[in-house]
Amino acid sequence: MREDAAFAKITGRIIPVLFICYIAAFLDRVNVGFAKLQMAGDLGFSDAVYGFGAGVFFIGYFLFEVPSNIALRRIGARIWIARIMITWAIISAGFLFTGAMRWGPISQSLGLTDAAFTFYALRFLLGAAEAGFFPGVILYLTFWYPAQRRATMVALFMCAIAVSNIVGSPISGAIMQFSEGASGLRGWQWLFLLEAIPSIVAGVLVLALLPDGPQDARWLDAEDKALVQQRLQEEETRKQSQRTAHSLMDAFKDARVWALALVYFSHNICIYAVNFWMPTIIQEFGFASTDYLRVGLLAMIPWSLAVVAQIYWARHSDRTGERRWHAVSGLLLALAGLLLLAFFPHATLIAMAGLSCVTVGISSYVVVFWSLPTAFLSGAAAAAGIAWINSLGNLGGYFGPDLIGRVRDASGGSSQAAFLALAGFALLGAVIILALPKPKAPA
């Protein structure tokens, strides 16, 4: 069938590029979890300092999210996504100087050490640099795929999160373990330096290979372009006939946008708390403090299961046209995993099962989640609404890691209360999705 062949051609051209970009993005975003195993001791960071620094990334992300997504729509995906990637690569590499910069009265007036102030500042700037990448890609996919094909494409793109952890966990552990002391640098410094390189390479690939939309794709013939535009226009007409949001301000007036932002906030509290702290959780199973490679190898397990689950779940959702229960069941599985982590933190097999339930559940939920707002948002409202949901929701990425850090500091290293709170947020997200009105047509 010509339509299937046209969309298969599109998928083969753009999804691999976006996939590589997201792998690079997540390496630079979460390698701080591995760096913490060594740099916290080197720089005198408490769990609370690390937790706040890990999470403050999302404050910068929040402040620049919507403007960045609007800029992508105006400037074009190719240039803007490449700009994002190269900028964040430079900032990520800058973390190797965390212990070397001096701020004098600036850090002292805030009651911080120079190293802590540098850590917070760089994490904030990294979030500001990366702002707009993920919602920009979600918006970019709406330029190419109608809704009934989009969940699978989002899954193919988003499984890069799992793949980056599968690949990045052992690599991060190996870099820290085997590069220690080379050229006078600590392992965590080499980690930040070396893992910034893929983002620069990916940025160059975007400039070379990524069209702004079907109309700019030289590898699509005129008939294929017309077919894609026809399918997208049919979807746009359906949305407008149902009075779906399409102006910029419509996105902020729609209660569903705010409800979905709260759902996404709840999900991000859970996944980033677990993701940023996963190396520490695994190390506390009883491994030697310098056995970073083994920690990395074990961290691969939950993410390997997640990448299989999310692709299957998205395809099943696309095939059946059902979204709500696919999303809700993922959140409930994550809830079960968080309860296992709360009550069995040092039982290795049970805790690993808990970590796996969280990653599989959240990964399965999130690829279906993005079919919910794009079912009723279109035009300028889609750019602003997707970015607003993502930016508000990503504030959960600040609160989750910070919550665990503060709880661990206050309770002598125990995370039980924090995991119970995270389980409550997973339940809240599931309840909100079920309470939303059903769409008039399958997403």
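Residues numbered from 1 in each chain as written. Predicted model: local features only at pLDDT ≥ 70, side-chain atom pairs only at ≥ 80, totals over all residues. Heavy atoms only, no water.

### Notes on the overall build of the chain
Move 1: Assigned secondary structure in the chain consists of 19 helices and zero strands.
Move 2: A globule of 443 residues ought to have a C-alpha radius of gyration of about 22 Å, and the chain, at 21 Å, matches this closely.
Move 3: Once the C-alpha set of the chain is aligned to its principal axes, its extents read approximately 60 × 45 × 40 Å.
Move 4: Relative to its full complement of 443 residues, the chain shows a buried share of 60%.
Move 5: Of the contacts formed within the chain by residues at least 6 apart in sequence, a portion of 84% connects residues at least 24 apart.
Move 6: Accessible surface computed for the chain: about 16400 Å², of which carbon and sulfur atoms make up 67%. (Helix = DSSP H or I, 4+ residues; strand = E, 2+ residues; numbered from the N terminus. Rg over C-alpha atoms; globule rule 2.2 N^0.38 Å. Buried < 20%, exposed > 50% of the residue type's maximum accessible area, 1.4 Å probe, protein only. Contact = heavy atoms within 4.5 Å. Areas by Shrake-Rupley, 256 points an atom, 1.4 Å probe, with all protein chains shown as cover.)

### Overview of the packing of aromatic side chains
Move 1: Counted by the stated rule, this structure contains 36 aromatic pairs.
Move 2: With a centroid separation of 4.9 Å and 25° between ring planes, the pair formed by F95 and F192 is classed as stacked. Linking F95 in the loop between α4 (77–93) and α5 (105–109) with F192 in helix α9 (residues 187–194), this pair joins segments that are 97 residues apart in sequence. Here F95 matches F192 in class, with each residue buried.
Move 3: Pairing F133 with F157 gives two aromatic rings, centres 6.4 Å apart and planes at 55°, and the pair type is tilted. Placement of the pair is F133 in helix α7 (residues 133–142) and F157 in helix α8 (residues 147–178), with a sequence separation of 24 residues.
Move 4: Its relative accessible area of 0% is what places F157 among the buried residues.
Move 5: Grouping aromatic residues by their ring pairs yields a cluster made of F45, F52, F95, F119, Y120, W188, F192, F265, Y398, F399 and F425.
Move 6: Here the basic side chain of K36 rests over the ring of Y50, its NZ or CZ set 5.8 Å away from the ring centre.
Move 7: In this arrangement the basic side chain of R83 is found over the ring face of W80, its NZ or CZ atom lying 4.4 Å from the centre. (Phe/Tyr/Trp six-rings, centres within 6.5 Å; stacked < 30°, edge-to-face > 60°. Lys NZ or Arg CZ within 6 Å of the ring centre and 35° of its normal.)

### Overview of the environment of L63
Move 1: One can find L63 in helix α3 (residues 47–75).
Move 2: Measuring from C-alpha to C-alpha, the distance between L63 and S391 comes to 7.7 Å, with 328 residues separating the pair along the chain.

### Thoughts on a nonpolar patch on the surface
Move 1: Together, L339, F343, F344, I350 and L420 line one region of the surface with nonpolar side chains, adding up to about 410 Å² of accessible area.
Move 2: Along the polypeptide, F343 turns up in helix α15 (residues 324–343). (Patch = residues over 30% accessible without salt bridge, like charges linked within 9 Å, V, L, I, M, F, W, Y side chains within 5 Å. Salt bridge = Lys/Arg side-chain N within 4 Å of Asp/Glu carboxyl O.)

### Looking at the nonpolar core
Soluble, globular proteins show a tendency: their nonpolar side chains are buried together.
Move 1: Ranked by size, the top nonpolar core spans 151 residues in total, and within it I14, F133 and W370 carry the most contacts.
Move 2: Here this core gets 17 residues from one element, more than from any other, and that element is helix α13 (residues 255–283). (Core = buried A, V, L, I, M, F, W, Y, C linked by side-chain atoms within 4.5 Å.)

### Description of the environment of I389
Move 1: Turning to its location among the elements, I389 is positioned in helix α17 (residues 379–394).
Move 2: By relative accessible area, which is 0% here, I389 ends up buried.
Move 3: The spatial distance from the C-alpha of I389 to the C-alpha of V263 is 9.0 Å, given a sequence separation of 126 residues.
Move 4: Residues in contact with I389, not counting those within four places in the same chain, are V257, L260, A261, Y264, F369, W370 and P373.

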